[in-house]
Amino acid sequence: MTKRALFWTATFCLLVGAFGVAGCSDSNSGEKPDGGMNGGCDITATDTMSLEQAFADVKSNQTICIEPGTYTPSRQLGVASATGVTVMGTDPDREKVVLDFDGVSGKGIFITANDFTLKNVWIKNTSDNGVEAKNQKSHFDNIKVSWDRGPDTMNGRYGIYPTHCSETIVENSEVTDASDAGLYVGQCTKAIIRNNKVHTNVAGIEVENSVDADVYGNEVFDNAGGILALLESGLDLTKNENVLFRDNNVHDNNHVNFAHAGSTVSNVPSGTGIMVLGSNKVEIRGNTVKNNNTAGVLVVGANVFGLLDILTGSAPPPQTDIDPFSRNVYIHGNTWMDNGTSPDFLIKQLAAPNTTTADVLWGGILPYAPNADSDIGYGDLLTGAYADSSRFDPNDDQMFCLGDPASGSRTYMDLRIPCLNPQDILPTAPPPVTPVGIDCTTRIVTTPEPARTCATPPTVPEQTFDQSNG
Amino acid sequence: MRRTVPILALSSAMLLLFGCGASSPSSSVTPAPEGAAYATLAEWHFFKDAPNQVPEDGVVPYDVNARLFTDYALKHRFIYLPPGKKIGYEPDEVWDFPVGTIVIKTFAYPDNVSGPPKTALGERLIETRLFIHESDGWKPYTYQWNDAQTEAKRLDVGDTVPVSWVDKDGQTRSIQYEIPSQQQCFECHGGGTTTRLLGPRTGELNRDWDYGAGPENQIDHIASLGWLDKTPPPADQRITYPEPFNRSDAPGGPAPLAERARAYVQANCAHCHSPNGNVNYKKLYLDWDSTAVAPTAADGLSLGVCKHPTSGGCGGLQYDLVPGDAEESILVCRISAVSPPAPAADMMPPLGRTIEDKEGVALVSEWIDSMAPSMCGGR
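About the cut-offs
- Residues numbered from 1 in each chain as written.
- Chains lettered and ligands numbered in written order.
- Predicted model: local features only at pLDDT ≥ 70, side-chain atom pairs only at ≥ 80, totals over all residues.
- Heavy atoms only, no water.
- Helix = DSSP H or I, 4+ residues; strand = E, 2+ residues; numbered from the N terminus.
- Contact = heavy atoms within 4.5 Å.
- Areas by Shrake-Rupley, 256 points an atom, 1.4 Å probe, with all protein chains shown as cover.
- Salt bridge = Lys/Arg side-chain N within 4 Å of Asp/Glu carboxyl O.
- Buried < 20%, exposed > 50% of the residue type's maximum accessible area, 1.4 Å probe, protein only.
- Pairing = 2+ DSSP bridges.
- Axes fitted to C-alpha atoms, helices over the stretch in contact; angles between N-to-C directions.
- Phe/Tyr/Trp six-rings, centres within 6.5 Å; stacked < 30°, edge-to-face > 60°.
- Lys NZ or Arg CZ within 6 Å of the ring centre and 35° of its normal.
- Domains from an automatic or database assignment.
- Buried area = accessible area lost by both parts, 1.4 Å probe.
- Polar contact = N/O pair within 3.5 Å; in protein donor to acceptor, adjacent residues only side chain to side chain.
- pLDDT = per-residue confidence, 0-100.
- Core = buried A, V, L, I, M, F, W, Y, C linked by side-chain atoms within 4.5 Å.
- Disulfide = S-S within 2.5 Å.

**A word on the overall build of chain B**
Okay, step 1: Tallying secondary structure elements over chain B gives 7 helices and 12 strands in all.
Okay, step 2: Partitioning the intrachain contacts of chain B with sequence separation of at least 6 by distance along the chain shows that 54% fall at a separation of at least 24.
Okay, step 3: Carbon and sulfur atoms make up 56% of the accessible area of chain B, which amounts to about 16500 Å² in all.

Written as C-alpha cells, this is what we have:
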C-alpha cells in the first residue's frame, strides 16, 4: 500500500493532466482580502466595555476594529439588525486579539444580520458555538476558535457555524477542541471552505444538508472524523448535494470521540478520514489521506447510524423526510497511506474476522470485499449505495465503476463536481485559475472525461446482515 | 447631549398646549424621536409613580395567561398607544399594533430579604424593557434600575445583577440575574426586519384585570377604550390559553393537563421552536397551534415526539419526547439542566434562565408521563 501511495504522490500532477481530471485549483491560497467594505474603522474597541458597546452601537456597513488585547465579554455578542458589518482585529496575528468567553452562557458571537465579515480574532472558551451566523452571506477569515481545557465534552458544540447561508467563505482559520464539528456548514447553498487548519475536534469539517460546497486546501487532523458530508433527518433542507472535497490533507484522525452522548456525531467512528453519509454527488479527489485508523473514506447511507443502533440494541430513528442513500460518489486521484489499520470498535466488530479494513469502505460498513489489486476494500451494505452510479477509481487507468446491478445498466457517468468561483461570493477575491475541464465561473463541465468502458465489477460475496452477529 | 434638552422640553410643552393634551389622557407620555431612545426611563413619562409601577393615564396595564419564566422574576406589563390610532385585532395571532405603539415590561423581585421594602409595592425593580414600534419595525430597549429605585438608565450591553429574595416557601434564593444585551432581545423576539412582539395575542390576553373597579376582561376593557379596529367576539368565544399552573379556578373547572402544558411550552419555547420561530430549522414545534394537544407518535415529529435530535442531545437520550416517559425525553432533560454541572449548551431556553423552573419541569414531566406510551420505533 505504501509503495503505491508513494507512486501516487510522485505522479499525481502528471496523471491529472493525462486523464483529464478536473483540477479546479485556484491561485488564492494565502490571499489577503482587503479590510472590508469601508477599509477603515468606524468604531474601535480597546477594552471589554468598548467592545460590548461597539456591538450595541454598530450601524449597517460599519467596521468594528478590535485592538490587540484580551477581552472578556460578560455575555454573548451579536449583530441582529445592522447589515454589512465587519468585525476585525487590527493585528493580522489573530492570537493577539483574544475574545475569551469563559463562564458566559450562550454562543460567542451570534449573527442574524445579513452580510457579515469576521477577521483576525481568537475566540475562546464559549459554552455554546464559538461563532454562529444564521444569515445569507458571511465571510470568516483568519480567525481561531479553541477551548483552553483542550478536547472536552463540556466545550461548545461548534467552532465556526454558518447556517442557512446562501454565500459563505470560511478561510485561513483554525478550529480546535469543539465537541461537535470544528468547522460546520449546514443548510447552506454555496459555501467555500479553504485553507483552514481543523484539528482535535469530534468532527473536523462538516458539510450538512447543504448544496454546492467546495472544500479545499485544508489540513484536517487529530479529529475523531476528519471531513464529513452528512445528511440528517429532521432539518429544513432535506438533501446534501454537490459536495467537492479536493486537495485536502486529511491525516491521523484517530482522536477518541468526545461528543455529547446521543448526538449525531457521537456515532462517527474514531479513525475516519473522510465520511460520506446520505449525500448525493460528492467528489473526493486530490486529497492526501493518511493514517486514519478506521478508514480513509467511509461511504455510507444515512441510516447507518440506525444500523449501529441495531447493533447496540436500539432501533433507528424514523427518517421519512430524506433519501438516506449516498449516491453518485466519485473518489479518484487521492494519495492513500496507512488507513484502516486499527479500526474503531464497532467497525472492527462488523469487519470480523478481519482485523484491518482498507482505505475506502463503501456502501456501508460490512461486508466489504478486499480488492487484491488495489488494496482497497469496498462493498455494498444494507444501505444500497451500490445501486447507483457511484464509483471509486483506485487508480484512474484501471477504472472501476458501478452501475445498477438490478437493471444491469453500466452506464458511465461524469461524476465530477464543478468547483465554486470565490468571486461569486467575495468580489475582491482573485479569480480561480481556469481549471482543466471545468469552468468554475459558469460551473459547467467543459471537457467531458474521455470515454471509457466499465470494467467488470468484482464479485461481491452475497452476505445477509445477521443481527445475531452483533 | 445637553443642547437637546431644552428642545425636547419645549416640544412636550407644545404638545400639552396645542396637541391632544386636553382631550386625550395619554398625552403625558412623551415618545422620543425615532432612533433616539432616551437615556433615562423617566423622560418617557410612562408612570405617575415609576418605583411603584403606577402608570400614567392612557398607559394600560395587562397580564398574560401563560407567562415566560425568567428566574422567578415578577413582571409588570403595559401598553401605550399613540393618540387616535387603532390596534388591528387578530383572533389568533399577535395583534397588529400601529407605528408609535410602545409596550413596556418591568422585571422585579420581592424586596423582602433585608429590612423593610423600599417602596409600597414591596418589590425591587431590576429593569424595564420596551418595545417601540418605529416606522421600520419594533426596537428593543431596556432600562436598568438603580439600587435606590430612584432612577432607571438605558443599558444596551446587558449586565449581571446579584439578586436575593425570600420565595413563597420561605427559602432565601440568590441568583445572578442576567439583563440581556440589546442584541440578545432579538434571539427571542426575532432579528432585523422580522422583530416582533410575543405576548399580546388573544389567547394570552383573554383574562381578567382589575383596572380599579373590580376584575374586568382585558380585551373588553381595551375595546371599551376604542383601541380596537373591530369588535371582538364575546370573551367565551375567543381563543384562551389556560394558565399553566392554575389547577382549580378556571371557568368550567381546571383546564386539562395537556392544555396547560401546551400553554407553558407555547409561552416559553415557541418563540424559537415554531414554524416561524428563530430555530424553526430544528423542526421541533412547540407552539400552541402545532398538531394535536395530546400528540401520539403518529402525529409526526412536530412536538418532538420520537424525534431524534440533530446536534444537541442531552444525557445520552435518543428522542426529544418519548410519550409516557418523561425521564427518557430530551425535552425534560434540557429544561431541567442547569450549568454547572450540565454543559451550558444543554440548557433550554438557552437564555433568560440561570436556575431551574421547578414547577415548569414538573408540569411538562407530568404531561409527558400522562401520554399513551410509545416505544419510539421499538426502543
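**Comments concerning the pattern of salt bridges**
Residue and element names in this part refer to chain A.
Okay, step 1: Counted by the stated rule, this structure contains 28 salt bridges over all chains.
Okay, step 2: Between R94 and E174 there is a salt bridge, with the nearest N and O atoms lying 3.2 Å from each other. Placement of R94 in the loop between β5 (86-89) and β6 (97-100) and of E174 in strand β15 (residues 174-176) is noted, with a sequence separation of 80 residues between them. The same class applies to R94 and to E174, which are both buried.

**Focus on the sheet that holds strand β7 (residues 137-145) of chain B**
Residue and element names in this part refer to chain B.
Okay, step 1: Taking strand neighbours across the sheet as the criterion, the 6 strands line up as β3-β4-β5-β6-β7-β8 in an open arrangement whose pairing is antiparallel. Every interior strand has two partners, whereas the edge strands, β3 (59-62) and β8 (152-154), have only one. Strand after strand, the sheet turns through a mean of 25 degrees between neighbouring axes, direction not considered.
Okay, step 2: One ladder, built from 3 bridges, connects β7 with β8; its direction is antiparallel. Bridge pairing links Q144 to K153 in β8.

**Some points on the packing of aromatic side chains**
Okay, step 1: Under the definition given, this model contains 17 aromatic pairs over all chains.
Okay, step 2: Between the aromatic rings of F46 of chain B and F47 of chain B, the centroid separation amounts to 6.5 Å while the plane-to-plane angle is 85 degrees, which identifies the pairing as edge-to-face.
Okay, step 3: We classify F47 of chain B as buried; its relative accessible area is 12%.
Okay, step 4: On the numbers, 6.3 Å between centres and 80 degrees between planes, the contact of F97 of chain B with W138 of chain B is edge-to-face. Here F97 of chain B is found in the loop between β4 (74-80) and β5 (102-110), whereas its partner W138 of chain B is found in strand β7, with 41 residues between them in sequence.
Okay, step 5: Here F97 of chain B falls in the buried class, since its relative accessible area comes to 3%.
Okay, step 6: One residue, K124 of chain A, lies across the ring of W122 of chain A, its end atom 4.5 Å from the ring centre.
Okay, step 7: When the ring centre of Y216 of chain A is taken as origin, the NZ or CZ atom of R246 of chain A, which lies over that ring, is 3.8 Å away.

**Quick look at the domain arrangement of chain B**
Residue and element names in this part refer to chain B.
Okay, step 1: Here the domain parsing of chain B yields domain 1 (12-237) and domain 2 (257-370).
Okay, step 2: Centre-to-centre, using C-alpha coordinates, domain 1 lies 28 Å away from domain 2.
Okay, step 3: Taken together, the 22 residues of domain 1 in the interface contact 18 residues of domain 2.
Okay, step 4: Summed over both partners, the interface of domain 1 with domain 2 comes to about 1600 Å²; 51% of that surface belongs to carbon and sulfur atoms.

**Observations regarding the interface of chain A and chain B**
Okay, step 1: Taken together, the contact between chain A and chain B spans 40 residues of the former and 43 residues of the latter.
Okay, step 2: Summing both partners gives a buried area of about 3200 Å² for chain A against chain B, and 50% of it is carried by carbon and sulfur.
Okay, step 3: Here chain A and chain B share 3 salt bridges between them.
Okay, step 4: Across the salt bridge formed by E178 of chain B and R75 of chain A, the nearest N and O atoms sit 2.5 Å from each other.
Okay, step 5: Viewed at the interface, chain B and chain A are joined by 11 residue pairs in polar contact (both at pLDDT 80 or more).

**Quick word on the environment of T44 of chain A**
Okay, step 1: Relative to the assigned elements, T44 of chain A resides in strand β1 (residues 43-45).
Okay, step 2: Setting aside its immediate chain neighbours within four residues, T44 of chain A contacts C65 and E67 of chain A.

**Here's the deal with the confidence of the model for chain A**
All names here are of chain A.
Okay, step 1: When pLDDT is averaged along chain A, the result is 75, and 66% of the positions lie at 70 or above.
Okay, step 2: Scored below 50 in pLDDT, residues 309-317 shows 19 contacts in the model against residues more than four places distant or in partner chains.
Okay, step 3: The low-confidence segment residues 393-412, where pLDDT is below 50, has 59 contacts with residues more than four positions distant or belonging to other chains.

**Topic: the pairing of strand β2 (residues 63-66) of chain A**
All names here are of chain A.
Okay, step 1: Neither face of β2 is left uncovered, since the one carrying T63 and C65 and the one carrying I64 and I66 both have all their residues buried.
Okay, step 2: Across 3 bridges, β1 lies against β2 in parallel orientation. Residue pairing for β2: T44 is matched across the bridge by C65.
Okay, step 3: Of the pairings in the sheet, the one linking β2 to β5 comprises 4 bridges and is parallel in character. Paired with I66 across the two strands is G89, which belongs to β5.

**A look at the confidence of the model for chain B**
Close reading of the predicted structure is inappropriate where its pLDDT is low.
Residue and element names in this part refer to chain B.
Okay, step 1: For chain B, per-residue confidence averages 86 on the pLDDT scale, and residues scoring 70 or more make up 87% of the total.
Okay, step 2: Counted against residues more than four places away or in other chains, residues 1-26, with its pLDDT under 50, gives 19 contacts.
Okay, step 3: Across residues 296-300, confidence stays below pLDDT 50; counting only partners more than four residues off in sequence or on other chains, it has 8 contacts.

**Side note on the nonpolar core**
Okay, step 1: I66, V79, L99, I109, L118, I160 and F245 of chain A are the most contacted members of the largest nonpolar core, which has 63 residues in total.
Okay, step 2: If you tally residues by element for this core, the top one is helix α2 (residues 48-57) of chain A, at 3 residues.
Okay, step 3: Here L99 of chain A is in contact with L51, I66, Y71, L77, I109, W122, I123 and K124 of chain A, once residues within four sequence places are set aside.
Okay, step 4: In terms of nonpolar packing, the next biggest core, distinct from the first, is built from 25 residues, Y264, V322, V361 and I368 of chain B among them.

**Observations concerning unusual backbone geometry**
Residues and elements named next belong to chain B.
Okay, step 1: Along the chain, S339 connects to P340 via a cis peptide bond; the corresponding omega equals -15 degrees.
Okay, step 2: Position of P340 among the secondary structure elements: in the loop between α6 (330-336) and α7 (358-370).
Okay, step 3: Residues M348 and P349 are joined by a peptide bond in cis, for which omega reads -10 degrees.
Okay, step 4: As for its position among the elements, P349 is in the loop between α6 and α7.

**Brief notes about the state of the cysteines**
Okay, step 1: Applying the stated criterion across every chain, the model contains 3 disulfides over all chains.
Okay, step 2: Through a disulfide, C165 of chain A is tied to C188 of chain A; the S-S separation comes to 1.9 Å. A torsion of 90 degrees about the S-S bond marks the disulfide between C165 of chain A and C188 of chain A as right-handed. You can see C165 of chain A sitting in the loop between β13 (160-163) and β14 (167-171) and its partner C188 of chain A sitting in the loop between β16 (181-186) and β17 (189-194), a full 23 residues away along the chain. Take C165 of chain A and C188 of chain A: they sit in the same class, and that class is buried.
Okay, step 3: Note on cysteine connectivity: C314 of chain B is disulfide-linked to C333 of chain B, with sulfurs 2.1 Å apart. Handedness here is read from the sign of the S-S torsion; for C314 of chain B and C333 of chain B, about -70 degrees, the answer is left-handed. Separated by 19 residues along the polypeptide, C314 of chain B in the loop between α5 (257-269) and α6 and C333 of chain B in helix α6 bring together distant segments of the chain. In terms of burial, C314 of chain B and C333 of chain B fall into one category: buried.
Okay, step 4: The cysteine C185 of chain B is free of any disulfide, with C188 of chain B supplying the nearest cysteine sulfur at 8.8 Å.

**A look at the environment of D289 of chain B**
Residue and element names in this part refer to chain B.
Okay, step 1: Structurally, D289 is set in the loop between α5 and α6.
Okay, step 2: D289 gets classed as partly exposed once you look at its relative accessible area, which sits at 45%.
Okay, step 3: Expressed as a C-alpha distance, the spacing of D289 and P309, which sit 20 residues apart in the sequence, is 21 Å.

**Observations concerning the sheet that holds β6 of chain A**
Residues and elements named next belong to chain A.
Okay, step 1: If you trace the 10 strands from one edge of the open sheet to the other, you get β3-β6-β9-β12-β15-β18-β21-β24-β27-β30, paired in parallel fashion. Every interior strand has two partners, whereas the edge strands, β3 (69-71) and β30 (335-337), have only one. Strand-to-strand twist across the sheet, computed as the mean angle between neighbouring axes with direction ignored, equals 10 degrees.

**Here we look at the side chain of K124 of chain A**
Residue and element names in this part refer to chain A.
Okay, step 1: Assignment of secondary structure puts K124 in strand β9 (residues 122-124).
Okay, step 2: Taking the relative accessible area as the measure of exposure, K124 reaches 14% and is therefore buried.
Okay, step 3: With residues up to four places along the chain from it excluded, the contact list for K124 reads V98, L99, D100, F101, D102, S146 and D148.

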